[in-house]
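Structure assessment
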Amino acid sequence: MGRVVTPAGFGPLRRKEDVRLVRGRGRFVDDIALPGMLHGAILRSPHAHARIVSVDTSAAESHPKVRVVLTGADLAARDMAWMPTASHDVAAVLACGKVHFQGQEVAFVAAEDRYAARDALALIEVEYEPLPAVVDARTALGPGAPLVRDEQPGRTDNHVFDWESGDAAATDAEFAAAEHVSACDLVYPRVHPAPLETCGIVADADPVEGRLTVHATTQAPHTHRVLYSRIAGVPEHRIRVVAPDIGGGFGNKVAMYPGYLCAVVASTVTGRPVKWTEDRSENLMASSFARDYHMRGEIAATRDGRILAVRVQVLADHGAFNATSQPSAFPAGFFGVFTGSYDLRAAHCRVTGVHTNKAPGGVAYACSFRITEASYLVERLVDVLAHDLGLDPARLRMANLLRPEQFPHPTPTGWEYDSGDYPATLGLALEIAGYDELRAEQAALRAGYERTGRGRLLGIGLSFFTEAVGAGPRRTMDIMGLGMADGADLRVHPSGDAVLAVSCMSQGQGHETTFAQLIGHELGIPADRVQVVQGDTDRTPFGLGTYGSRSTAVSGAATVVAARRVRERARLVAGAILEIDPADLEWVPGRWQVRGNPTVGVSLTEIAAAAYSGRELPDDVEGQLDASCVYNPPNLTFPCGAYLCVVEVDPVTGEVRVRRFVAVDDCGVRINPMIVAGQVHRGLADGIGMALMELITFDPDGNHLAASFMDYLLPTSMECPSWELGETVTPSPHHPIGAKGVGESATVGSPAAVVNAVLDAIGVRHADMPLTPAQVWRAVQGRPLRPDLAIR
Ligand code: MCN
Ligand code: CUN
């Protein structure tokens, strides 16, 4: 660690893409209008669970502007009624025989305009026979629970998977011998990523060329192309997937949705392009949810607070289809990092997945594959332990954090943390916050409250997280059999300008800037002379895309390796130009020069011109200046952070105000500190949202109670304080520039800090999120509600 130095080419460069985005010149899927384009709309189920007795589309079909109506039976006739999911399950494209959740897709209409398509939905007659629904994961495996997936032969219950991690016997032994055990039941409620732009597609099946072109809101264009290919039985070279500008993804745009496939089929049937754009309610009701984890955590420790072991049981509500998008071998995602940032002797978790009559829960919403749940669990448990033992939560953490000399650190659940200086990171957060003064102020406010029965209470909440980002390696991590490695193609033109093509896809993370800065760092080409191409399967190399904060860790590494290959190629050309042995040349940014004689050298621009010229080149140099790399990461990268939230709580009304938020992040070497800060700001707001207001909930019949932004509350700048950021830097030892991912760090780390702060203020051991005023008020009264019982 030590002083933070910004390497050449890196730094707070303004985002190149903002030149168009902030002027309203972005090009999003809904901006695309093709000649003859039809508009799609989806008829959705009003019931959470019902048998479909009949579907009559005749009136809709005779609407003058309707060009096609698709039902489950139509898709079944094409063998396209079901689509594969990443987790070896299938999900219905359009319901066949029955509906499994409210909002499920039942029919698709394509018409001359959007209004006609919507009108025609009302003309479709569907007769349903309602069935009892199972909504609560805790009853899903019980006797008499309605069977969600009875279309699967031989199925007798709602069980999805059992998965465990760690050493059960060693963990039980630690618990049996421990001086103290604290336990806590927690729910991480269902939440939604709610990007500004909803999901959409323009599908264009060209019957003459035999090609399908799809413009879609996807974080993973190549993965989607493979999926279209497999589902439709068309080879990849006949499919082009383009992701234009995307207005936020946050995981919501990883999955394949029925609307996409219906638009493709409708375009194939009509021979015309078909656009389908979700509205907000559709997005909130039927697209990928996150969390919905019911957890029982136990923590074993000595009486003076040395943490020994953690034991966890999870009930994971996956909704009607197991449509998660994490690597195939990880049914509970990367939940195995629930050991957090602590030096434990043993740990064990058991996760059971169940089906319910709710929309398929992905792992989406800045989750890094369930690390959000894992981090929240352990950081809540540590505070519960502090509460039970009467210890200060900051000192308890400091005493148990992994120490720098313990890295690389093999965790009890089989991960290898690459690097980190956890005590320094926590120490910096406490220092920025002025921890001891805050505790003194808290005591004074509490004394005042106890004297008068009025006034606000102060709460100080901490969380220390370790993230795991940058999936693969490909040997252990795949999605639908596709290994998690990504490509980068780099070409330096005769002018010395460069084009970089990558498989990752920015949804607002600023890749056009940071990936150009990587080239600047490696080759000395200024970022404004590097064009970054992304989001087009015809123009970019294969790779699994942007999620799990893997772009910098994987595609960024591929970019750096490709740039270094170009640099080595340039060295040979420079040797030829200078008529000197390439081994005698040394690189300074932008130039190869003679070692010991810096006045003799050639710039990369001159080298590029020579590489394309008529000049004779050495035998082993073919000419031109380009290189590619497919990067298979040797391990994940493990960023970390120490967060401290200060809240003021009115115990009479339950109102919470976030007064301060200190966030110290270590994401290794930072390419663009300003973009990193933006990523952290966003994730901190996520944490305030999840901790205090966001909740997707259902009534006992499975009716969705949060299908608009009136009910699904998102934080605005009004709820957010002015963030106070700090940084530590421990480079990743295996990443070519020592960078680690950061895109989801703050979402992972912040919810626990906010919850810990609110509970610290009111002196309550545990209450579940979201800590709405009603929930806080009830917690003060000693009877908090579970979030799965609608609390508003
Ligand atoms: N970065 C950097 N230095 C580092 C690490 C990252 O400068 N040491 C920069 C990167 O180069 C990139 C940005 O920070 O420009 C985020 O990088 P990274 O951590 O690699 O994450 P990804 O680019 O893979 O983005 C994915 C991540 C995920 S999974 C979600 S969910 C999320 C998030 O990013 N969705 C977002 N941040 C988002 N930000 C916006 N604006 N919109 C979303 O949809
Ligand atoms: Cu899981 S949300 Mo992000 O990985 O796209």
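With an unreviewed UniProt entry as reference, the protein chain is termed Aerobic carbon-monoxide dehydrogenase large subunit, source organism Pseudonocardia kongjuensis.

1. A short note on the overall build of the protein chain
Looking only at helices and strands, the protein chain features 18 helices and 32 strands. For a compact globule of 792 residues, the expected C-alpha radius of gyration is about 28 Å, and the protein chain comes in at 27 Å, within 12% of that figure. For the protein chain, the proportion of its 792 residues judged to be buried stands at 63%. In the protein chain, once contacts between residues fewer than 6 apart in sequence are set aside, the share between residues at least 24 apart is 79%. Carbon and sulfur atoms make up 52% of the accessible area of the protein chain, which totals about 27,900 Å². Of note, the protein chain has its 72 positive side-chain charges centred 2 Å away from the centre of its 93 negative side-chain charges.

2. Digging into the coordination of the copper atom of ligand 2
In this structure the copper atom of ligand 2 is ligated by exactly one protein donor, Cys367 (SG), at 2.1 Å. Looking at the element boundaries, cysteine 367 is found in the loop between β17 (346–354) and α9 (371–389).

3. So, the nonpolar core
Phe108 and Phe335 are the most contacted members of the largest nonpolar core, which totals 180 residues. The two domains that each donate at least three residues to this core are domain 2 (32–131 + 196–248 + 253–286) and domain 3 (290–406 + 418–471 + 635–781). If we skip the residues at most four places from it in the chain, phenylalanine 335 touches Tyr293, Met295, Val312, Val314, Cys349, Val351, Phe369, Arg370, Glu373, Ala374 and Leu377. Core analysis: the next-biggest nonpolar cluster, separate from the first, contains 47 residues, Phe10, Cys504, Phe515 and Ile671 among them.

4. Concerning the sheet that holds β17
Read across the open sheet, the five strands follow the order β9-β17-β16-β15-β10; overall the sheet is mixed. Each having just a single partner strand, β9 (159–166) and β10 (180–191) make up the two edges of the open sheet. Averaged over neighbouring strand pairs, the angle between their axes works out to 10° when direction is ignored. In the sheet, β9 pairs with β17 via seven bridges, with the strands oriented antiparallel. Residue phenylalanine 161 lies in a different strand from β17, and its bridge partner there is glycine 353. Contacts from α9 reach β10, β15 (290–301) and β16 (307–317) within the one sheet, and its direction differs from that of β10 by about 140°.

5. Remarks on the site of ligand 1
Residues in close proximity to ligand 1 total 33 residues, the closest being Gly249, His511, Thr552, Gln679 and Val742. Asparagine 672 places a main-chain nitrogen or oxygen 3.0 Å from an oxygen atom of ligand 1. Within the side chain of glutamine 679, one N or O atom sits 2.6 Å away from a nitrogen atom of ligand 1. When ligand 1 is considered free in solution it has 830 Å² of accessible area, and contact with the protein chains removes 97% of it. Residue assignment for the shell around ligand 1 shows that the elements contributing at least two residues are α13 (511–523), α14 (551–578) and α16 (673–692).

6. Notes on the site of ligand 2
Residues in contact with ligand 2, as listed here, are Gln219, Phe250, Gly251, Val363, Ala364, Tyr365, Ala366, Cys367, Ser368, Tyr547, Gly548 and Glu744. One of the backbone N or O atoms of glycine 251 is found 3.2 Å from an oxygen atom in ligand 2. At 2.5 Å, a backbone N or O of glycine 548 approaches an oxygen atom of ligand 2. When its residues are assigned to classes, the shell around ligand 2 shows seven nonpolar, four polar and one charged.

7. Notes on the packing of α9 against helix α17 (residues 745–762)
At their nearest, the axes of α9 and α17 sit 8 Å apart, and the two run at 30° to each other. One finds that α9 runs roughly parallel with respect to α17. Relative to α17, α9 is oriented so that their crossing is right-handed. Seen from α9, the contacting residues are Ile371, Thr372, Ser375, Tyr376, Glu379, Arg380 and Asp383; seen from α17, they are Thr747, Val748, Pro751, Ala752, Val755, Asn756 and Leu759. A breakdown of the residues in the contact of α9 with α17 according to their chemical character gives seven nonpolar, four polar and three charged.

Definitions and cut-offs
- Residues numbered from 1 in each chain as written.
- Chains lettered and ligands numbered in written order.
- Predicted model: local features only at pLDDT ≥ 70, side-chain atom pairs only at ≥ 80, totals over all residues.
- Heavy atoms only, no water.
- Helix = DSSP H or I, 4+ residues; strand = E, 2+ residues; numbered from the N terminus.
- Rg over C-alpha atoms; globule rule 2.2 N^0.38 Å.
- Buried < 20%, exposed > 50% of the residue type's maximum accessible area, 1.4 Å probe, protein only.
- Contact = heavy atoms within 4.5 Å.
- Areas by Shrake-Rupley, 256 points an atom, 1.4 Å probe, with all protein chains shown as cover.
- Lys, Arg positive; Asp, Glu negative; His and termini not counted.
- Charge placed at Lys NZ, Arg CZ, Asp CG, Glu CD.
- Donors = N, O, S within 2.8 Å, 3.2 Å for Na, K, Ca; no water.
- Core = buried A, V, L, I, M, F, W, Y, C linked by side-chain atoms within 4.5 Å.
- Domains from an automatic or database assignment.
- Pairing = 2+ DSSP bridges.
- Axes fitted to C-alpha atoms, helices over the stretch in contact; angles between N-to-C directions.
- Near = heavy atom within 4 Å.
- Polar contact = N/O pair within 3.5 Å; in protein donor to acceptor, adjacent residues only side chain to side chain.
- Nonpolar A, V, L, I, M, F, W, Y, C, P; charged D, E, K, R; others polar.
- Parallel < 35°, antiparallel > 145°, perpendicular 65-115°, else oblique.
- Left-handed = near helix turned anticlockwise from the far one by under 90°.

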